[in-house]
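Summary of the model geometry
These are the residues of each chain, in order.
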Amino acid sequence: MNNKVVWITGASTGIGKEIAKVFSKSGYVVVVSSRRKSRLVGIVSEIKFAGREASAFVCNVASERSVQLTLKRIIEKYGRIDALINNAGVTAFKSFLETKVYDFDYIMNINLRGAFLCMKAVLPKMVKARRGHIINILSVAANTVFDNSSVYSASKAGLLLLSQSLRKEVRKLNIKVSNILPGAVETGMWDARTRQKYKNRMISPADIAEITLQVFNQPKKVLIEDVVVRPVKGDI
Ligand SMILES: NC(=O)c1ccc[n+]([C@@H]2O[C@H](COP(=O)([O-])OP(=O)(O)OC[C@H]3O[C@@H](n4cnc5c(N)ncnc54)[C@H](OP(=O)(O)O)[C@@H]3O)[C@@H](O)[C@H]2O)c1
């Protein structure tokens, strides 16, 4: 068993849940977090039933206190943190004119500030250990304009540049920072009608999870920096 500890935020559903499953199958200790405890408990039970180690912690990435407490619990339990997968994210699917200040704050607080808080939390341990890997699940919306996604795009573009700046700073300390930019993935982020209409075209969350594992499982001296993953037939 590999004792590397991988923390996945927003792991209660969709892409995060699949990432937890594939990392666990590869032998890593996974820590799943999100706001909904009941869903996390189910994922951990499944992993433990298969004889592997996992923990669930309720963590709202929009709260600095919650993020710090989660890291503290991970360190208390395992004594190490090897990877952070910043996956928690939300969107609103509204035009700019319909977007309220509340929507802006909500999306930014989770997608951009939340990822920032999680990176800030794990970095002191990674710097001390002179190793670690942060993987951000961004979106093609970080560098492509879509209808009804202005704040979502801004949050992902902000995180892209924030993490690229961080990468420049910490690569000399042997800390890796990678970004994965998926196109449309078939998850609950989309309404049922859209999923039904495009289901033959959308990427499966399990495929993004496998790609995330590949980004992580590189030789020590190799860093996959930014990966764009689109449906073969392009954006929906
Ligand atoms: N689906 C796509 O087409 C697509 C494409 C590109 C990128 N992405 C990105 O992939 C990531 C995962 O999305 P998904 O498609 O898998 O959608 P999803 O199924 O809706 O998953 C979103 C996850 O984020 C968690 N979350 C939301 N707010 C949170 C908060 N304040 N604190 C902690 N966790 C929070 C949710 O859990 P709780 O509600 O339990 O907190 C949930 O587990 C997001 O960053 C999204 O932007 C998705």
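Report on the accompanying structure. (Residues numbered from 1 in each chain as written. Predicted model: local features only at pLDDT ≥ 70, side-chain atom pairs only at ≥ 80, totals over all residues.)

**Considering the site of the ligand**
This is how it is decided: Nearness is defined per residue: the C-beta atom, placed using the backbone, must lie within 6 Å of the molecule or strand. Starting at the N terminus, helices and strands are each numbered in turn, a helix being any DSSP run of H or I of at least four residues and a strand any DSSP run of E of at least two. Ten residue types, Ala, Val, Leu, Ile, Met, Phe, Trp, Tyr, Cys and Pro, are classed as nonpolar, four, Asp, Glu, Lys and Arg, as charged, and the remainder, Gly among them, as polar.
If you check the shell around the ligand, you find 30 residues, and the closest are G10, G14, R35, R36 and G89. Here the shell around the ligand gets three residues from one element, more than from any other, and that element is helix α1 (residues 14-25). Within the shell around the ligand, the residues separate by chemical class into 14 nonpolar, 13 polar and three charged.

**Considering the packing of α1 against helix α7 (residues 205-216)**
The description of two packed helices rests on the angle between their axes and on the distance between the axes. The line we're drawing: To obtain each axis, a line is fitted to C-alpha atoms, and for helices this fit is confined to the stretch in contact; angles are then taken between N-to-C directions over 0 to 180 degrees. For classification, angles of less than 35 degrees are called roughly parallel, those exceeding 145 degrees roughly antiparallel, those between 65 and 115 degrees roughly perpendicular, and all remaining angles oblique. The sense of a crossing depends on the near helix, which, turned anticlockwise from the far helix by less than a right angle, makes the crossing left-handed and, turned clockwise, makes it right-handed. Any residue pair is listed as a contact if its two C-beta atoms, each placed from the backbone, are within 7 Å.
Between α1 and α7, the shortest axis-to-axis distance is 8 Å and the interhelical angle comes to 50°. Relative to α7, α1 is oriented oblique. Classified by chirality, the crossing of α7 by α1 is right-handed. From α1, G14, I15, E18, I19, K21, V22 and F23 reach across to α7, where they touch P205, A206, I208, A209, E210, T212 and L213.

**Quick look at α7**
This is how it is decided: Take the number of residues in a helix, subtract one, and multiply by 1.5 Å to get its expected span.
For α7, which comprises twelve residues, the first-to-last C-alpha distance of 17 Å matches the rise-based estimate of 16 Å (1.5 Å per residue) to within 8%. Contact partners of the buried residues in α7: α1, β4 (83-86), β5 (132-137), β6 (175-182) and β7 (226-229).

**Section: helix α2 (residues 37-49)**
Since the α-helix turns once every 3.6 residues, residues separated by three or four places project in the same direction. With 13 residues, α2 should reach 18 Å at 1.5 Å per residue; the first-to-last C-alpha distance of 18 Å fits that figure. Residues of α2 that are buried make contact with α1, β2 (29-34) and β3 (54-58). Positive backbone phi, approximately 85°, marks G51, located one or two places after α2.

**Re the packing of helix α4 (residues 101-129) against helix α5 (residues 150-170)**
Two elements in contact, α4 and α5, have axes separated by 9 Å at closest approach and are oriented at 15°. In terms of orientation, α4 lies roughly parallel with respect to α5. The two elements α4 and α5 cross, and the hand of that crossing is right-handed. Residue-level inspection shows D103, F104, I107, M108, N111, L112, A115, F116 and M119 of α4 in contact with α5, the latter providing V151, Y152, S155, K156, G158, L159, L162 and L166. Among the residues making up the contact of α4 with α5, the classes are represented as twelve nonpolar, three polar and two charged.

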